[in-house]
Amino acid sequence: MKIIKLAWSYLRIGIANELQYRVNFFIQLLQSFIALGTGLIGLWLVFTQTTQLGGWSQPELLAVMGIYMVMGGVIQSAIQPNMQRLMDEIQDGSLDFALTKPVDGQILVSIREFRFWQLTDVVVGLVVLVIAVVQLQEKIGVWQALAFMVALLLGGIMIYSFWLMLTTTAFWLIRIWELVNLFQGLYAAGRWPVTIYPQWLRLGLTFIVPVAFAVTVPAEALTNRLTPLTLLGAFGLAILLMLLARFVWRLGVRSYSGASA
Amino acid sequence: MPNPAITVNLLSKHYKVPVREAGLKAATKSLFRRKYNSVKAVDNISFTIQPGEVVGFLGPNGAGKTTTLKMLSGLLFPTSGIPDVLGFQPSRRQADFLRQITLVMGNRSQMSWDLPALDSFELQRAIYGVPSPDFLRTRDEFIELLDVKELVKKPVRNLSLGERMKMEIIVALLHRPKVLFLDEPTIGLDVTMQRRIRQFVEEYNRRYGATVLLTSHYMADVEALCKRVIVIHNGKLLFDGDLSTLVDRFSAFKTIGVTLANGFGSFSQYGEVLNQEAGHVTLRIPREKTPEVTARILAEQQVDDLTVEDPPIEDVIEKVFAQKSAEV
């Protein structure tokens, strides 16, 4: 309860602060539309050649793109800024302040930053998603919608856990700026359903960088492809990654404080 | 007698640091096989601090002050010796412990630079779960004491170093901690600002009976705030006691200033003449000979005025370290 209140305080103050910078909103909006434009051109190029891509029709791929944008917006607004701040603080030592607070350290470092204007990606992505669903001309049942939401949530948890583990390596490596670019490059692969990639890459995008679960699996839920087994797998992997991230975080803090030295 | 606020018994912290020689070849070699040196940052130090005490923690750079403060605030795990702070073992980082302490580091900031200080204060309230009425009372009391009513509304980015430091102090004390670890809280500040921060710490200590452990390179801070000082050097404890005792023990000399009625006179027979000009002479006299020399000067010279002073505390401290370095 206290944590929710605290997260809300950060969110409220973060938003209030960012609302002062309206220019950022327009820049962000422009960026969202450029991303949308390049995405649409990509789709259009593919469908001038073929009517299907790895078994996915045009509106289905549009749905994938919508989810990709929504998830990307969530990452950019809520996950990445926190991880970047964590990286900075490990580097300059001001993480000491976070670690001397009477709140769980992992939770605290995960809720401090929020980039409100990045949510334009989420809004644009949702619009794309709605258009795609209308084009699909299929009825989306309650269970399907529910499975979609659950898959999206699990995907978010996995991406967060993955990012946290990546960032936590800064405790040992100190300088890991390149990792941000690496992640963004890999995430860009999620623009397409991972099923179209060769198997080795598909496995990598599923289990090493959980892009498949963040984008493709929710899309499968919307397009009647999702098997209960996949959803169960997503659930299992989300829990596993969460526990693993927790473990790595603890290890990082221990090495930071020299408990093992 | 109440339980001590802080008990440290044979506390040590050793670091393993990789060593390599300069140059590309050595760098390549160290990629595969690293050599480590063990550095004793803190080496078997012991002391106790009573509740409400303000203690100055002195030592040159790299003496182990910050390492000790970090062990006491639970950030570092000691190599040996378990400190006790308010009945807790700091490295366990229990919430009940962390709620009662605070850490201020003069060279690091815990404020969000884009936010006005008021917002950071509110976040601090949420982190510590301080009830709103208490929080507002404390906050306004501090704002008043430091005279920053207008500044708290500006983004921290736009404040001067000194102004920002005031905010850092406020944000660090909003939850009214019982134990304060202040690591160079006045570093880089001008004299006026140093004094304001100092007075604030003094006032906080007086009002709430908080225990303060302070490191500073500004002796004025220490002289104004701390009756007691702990001196460490190369991780070892050199001195623990009253500031005046430190001066007595480590300054072998006193300075005698003489203003002459007739403007002239020979003084080299009394001791080392540091300065002689326009009817004023400054002499350096071994401590134990001071009464005798003073009497002689008064008897033999035509004196208008005579002062006997301890050397500046900086000089004393410097001497302590120089002496100990030579021994080690």
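Note on numbering: residues in each chain are counted from 1, in written sequence order. Starting at A for chains and at 1 for ligands, labels are handed out in the order in which the entities are written. Given that the model is predicted, a residue must reach a pLDDT of at least 70 before its local features are reported, and side-chain atom pairs must reach 80 or more before they are shown or counted; all residues, however, enter totals for whole chains, interfaces and linings. Heavy atoms from the whole structure form the basis of all side-chain values; hydrogens and water molecules are not counted.

### Let's talk about the overall build of chain B
Okay, step 1: Helices and strands together make up the secondary structure of chain B, namely 11 helices and 13 strands.
Okay, step 2: With respect to the three principal axes, the spread of C-alpha positions in chain B is 70 × 55 × 50 Å.
Okay, step 3: Residue burial in chain B is summarised as follows: out of 328 residues, 48% are buried.
Okay, step 4: Look at the contacts in chain B between residues 6 or more apart in sequence, and 71% of them connect residues 24 or more apart.
Okay, step 5: Summing over all exposed atoms, chain B offers an accessible surface of approximately 16,000 Å²; the carbon and sulfur share of this is 50%.
Okay, step 6: A positive count includes Lys and Arg, and a negative count includes Asp and Glu. His and the chain ends are not counted in either. To locate a charge, the coordinates of NZ of Lys, CZ of Arg, CG of Asp or CD of Glu are taken. Computed over 42 positive and 39 negative side-chain charges, the separation of the two mean positions in chain B equals 11 Å. Comment: elements are numbered from the N terminus, with helices defined as DSSP H or I runs of at least four residues and strands as E runs of at least two. Relative accessibility under 20% of the residue-type maximum defines a buried residue, over 50% an exposed one, and the middle range a partly exposed one, all with a 1.4 Å probe and only protein chains included. In what follows, a contact means two residues having at least one pair of non-hydrogen atoms within 4.5 Å. All accessible areas in this document rest on Shrake-Rupley with a 1.4 Å probe, and a residue is counted as covered only by the protein chains that are shown.

### What about the side chain of Arg85 of chain A?
Okay, step 1: Structurally, Arg85 of chain A can be placed in helix α3 (residues 58-92).
Okay, step 2: According to the relative accessible area criterion, Arg85 of chain A is buried, its value standing at 17%.
Okay, step 3: When near neighbours in sequence (up to four residues on either side) are disregarded, Arg85 of chain A contacts Arg112 and Glu113 of chain A together with Ser112 of chain B.

### Regarding a negative patch on the surface
Residue and element names in this part refer to chain B.
Okay, step 1: Together, Glu223, Glu314, Asp315 and Glu318 make up a region of like negative charge exposed at the surface.
Okay, step 2: Broken down by element, the residue count for the negative patch peaks at 3 residues, all from helix α11 (residues 313-327).
Okay, step 3: Considering the arrangement of structural elements, one finds Glu223 in helix α8 (residues 219-225).
Okay, step 4: Classification of Glu223 as partly exposed rests on a relative accessible area of 48%. Patch membership requires over 30% relative accessible area and the absence of a salt bridge. Like charges are linked within 9 Å, and nonpolar side chains (Val, Leu, Ile, Met, Phe, Trp, Tyr) within 5 Å. Whenever a carboxyl oxygen of Asp or Glu lies within 4 Å of a side-chain nitrogen of Lys or Arg, that contact is scored as a salt bridge.

### A word on the nonpolar core
Okay, step 1: One finds Trp163 of chain A together with Ile6, Phe121 and Phe181 of chain B to be the most contacted residues of the largest nonpolar core, which totals 160 residues.
Okay, step 2: Among the elements that make up this core, the one with the highest residue count is α3 of chain A (15 residues).
Okay, step 3: Once residues lying within four places of it in the same chain are set aside, the contact partners of Phe181 of chain B are Ile6, Leu69, Leu72, Ser73, Val85, Ile101, Thr102, Leu103, Val104 and Leu213 of chain B.
Okay, step 4: We define a nonpolar core as any set of buried Ala, Val, Leu, Ile, Met, Phe, Trp, Tyr and Cys residues linked to one another through side-chain atoms lying within 4.5 Å. In terms of nonpolar packing, the next biggest core, distinct from the first, is built from 10 residues, Val258, Tyr270, Val293 and Ile297 of chain B among them.

### A look at helix α11 (residues 211-222) of chain A
Residue and element names in this part refer to chain A.
Okay, step 1: For a helix, the expected span equals 1.5 Å multiplied by the number of residues minus one. When the terminal C-alpha atoms of α11 are compared, their 17 Å separation across 12 residues agrees well with the 16 Å that a helix rising 1.5 Å per residue should span.
Okay, step 2: The element α11 is largely enclosed, with a buried count of 12 among its 12 residues.
Okay, step 3: Within α11 the residues assigned to the buried category are Val211, Ala212, Phe213, Ala214, Val215, Thr216, Val217, Pro218, Ala219, Glu220, Ala221 and Leu222.
Okay, step 4: A positive phi of about 65° marks Asn224, the residue just after α11.

### Considering the packing of aromatic side chains
Okay, step 1: Pairing of aromatic rings covers Phe, Tyr and Trp, the last through its six-membered ring, and needs centres within 6.5 Å; plane angles under 30 degrees mean stacked, over 60 mean edge-to-face, and all others mean tilted. Considering all chains together, one arrives at 15 aromatic pairs over all chains under this definition.
Okay, step 2: Seen in terms of ring centroids, Phe25 of chain A and Trp117 of chain A are 4.8 Å apart; in terms of plane orientation they differ by 50°. Their pairing is tilted. On the criterion of sequence distance, the pair formed by Phe25 of chain A in helix α2 (residues 22-49) and Trp117 of chain A in the loop between α5 (105-111) and α6 (119-136) is long-range, its members being 92 residues apart.
Okay, step 3: For Trp117 of chain A, a relative accessible area of 11% translates into the label buried.
Okay, step 4: Site record: aromatic cluster; members linked through ring pairs are Tyr68, Phe162, Trp163, Phe183 and Tyr187 of chain A.
Okay, step 5: Note on criteria: charge over ring means Lys NZ or Arg CZ within 6 Å of the ring centre, with the direction from the centre no more than 35 degrees off the ring normal. Looking at Arg225 of chain A, its charged tip hangs above the ring of Trp56 of chain A, at a distance of 3.8 Å from the centre.
Okay, step 6: Looking at Arg284 of chain B, its charged tip hangs above the ring of Phe253 of chain B, at a distance of 4.0 Å from the centre.

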